[in-house]
Amino acid sequence: MPREHSTVTNVLLIDSKAALAALQTRVSGCAGSGWRIAGGGLYIQNTVVVTDLDVLRDLTSINGKSSYGVSLQIKHNTNLVSLTGLRNLRGALPGALWV
């Protein structure tokens with residue numbers, strides 16, 4: 001599992017509202033058709049300002065993993081109250097799930 005001060009590669013990191021907003025701008029044209037993360041993992045961590053993951057509502061799959069073998073990690077998000085933004089995520093993860 002990831003260590004606190006290690007470098008992790010191949011990750012889409014959401015650790016702030018700004019990172020979530022930037023992602024929303026990038027995937028806004030995919031509404032309805034969906035989008036996927038290829039060749040890496042998704043980390044949502046260490047934020048107190050993210051309350052929901054609705055920006056990820058059109059994410060359909062994660063087809064990769066981080067350099068630590070993790071496909072989806074959600075941790076240390078004290079005000080995150082809903083995971084319904086991940087409702088369209090389907091299929092097996094090639095790496096670990098860490099919540």
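Scope of this entry: the structure provided in the associated data block.

Procedures and definitions
- Residues numbered from 1 in each chain as written.
- Predicted model: local features only at pLDDT ≥ 70, side-chain atom pairs only at ≥ 80, totals over all residues.
- Heavy atoms only, no water.
- Core = buried A, V, L, I, M, F, W, Y, C linked by side-chain atoms within 4.5 Å.
- Buried < 20%, exposed > 50% of the residue type's maximum accessible area, 1.4 Å probe, protein only.
- Helix = DSSP H or I, 4+ residues; strand = E, 2+ residues; numbered from the N terminus.
- Salt bridge = Lys/Arg side-chain N within 4 Å of Asp/Glu carboxyl O.
- Polar contact = N/O pair within 3.5 Å; in protein donor to acceptor, adjacent residues only side chain to side chain.
- Contact = heavy atoms within 4.5 Å.
- Pairing = 2+ DSSP bridges.
- Axes fitted to C-alpha atoms, helices over the stretch in contact; angles between N-to-C directions.

Quick look at the nonpolar core now. Core analysis: the largest hydrophobic core is formed by 19 residues, its most contacted members being Leu42, Leu56 and Leu59. Of all the secondary structure elements, the ones that give two or more residues to this core are helix H1 (17-27), strand E2 (35-38), strand E3 (41-45), strand E4 (59-63) and strand E5 (70-75). Among the elements that take part in this core, H1 stands out by supplying three residues, more than any other.

Using the criterion set out here, one finds two salt bridges in the structure. In this structure, Asp54 engages Arg57 in a salt bridge whose closest nitrogen and oxygen atoms are separated by 3.1 Å. In this structure, a network of salt bridges that share partners links the residues Asp54, Arg57 and Arg87.

Glancing now at the side chain of Ser71. Structurally, Ser71 can be placed in strand E5. Looking at Ser71, its side chain comes within polar contact range of the main-chain nitrogen of Gly95, at 2.8 Å. In this structure, Ser71 is in contact with Gly41, Leu42, Ile62, Gly64, Lys65, Leu93, Pro94, Gly95 and Ala96, ignoring residues within four places of it in sequence.

With respect to the element layout, Thr47 can be found in the loop between E3 and E4. Among the residues examined, Thr47 registers a relative accessible area of 4% and is labelled buried. Engagement of the side chain of Thr47 in a polar contact is seen with the backbone nitrogen of Val49, the distance being 3.2 Å. Ignoring sequence-local partners within four residues, the contact set of Thr47 consists of Asp15, Ser16, His76, Asn77 and Thr78.

Glancing now at the sheet that holds strand E1 (residues 11-14). In sheet architecture, strand pairing relies on hydrogen bonds along the backbone and comes in two forms, parallel and antiparallel. Here we have four strands laid out as an open sheet, ordered E1-E3-E5-E6, and parallel in their pairing. The sheet is open, and its two borders are formed by E1 and strand E6 (96-98), each paired with just one other strand. In this sheet, adjacent strand axes meet at a mean angle of 10 degrees when their direction is disregarded. Bridge analysis of E1 against E3 gives four bridges, and the strand direction is parallel. Bridge assignment links Ile14 to a residue of E3, and that residue is Ile44.

Interpretation in functional terms is not warranted from these geometric data alone.
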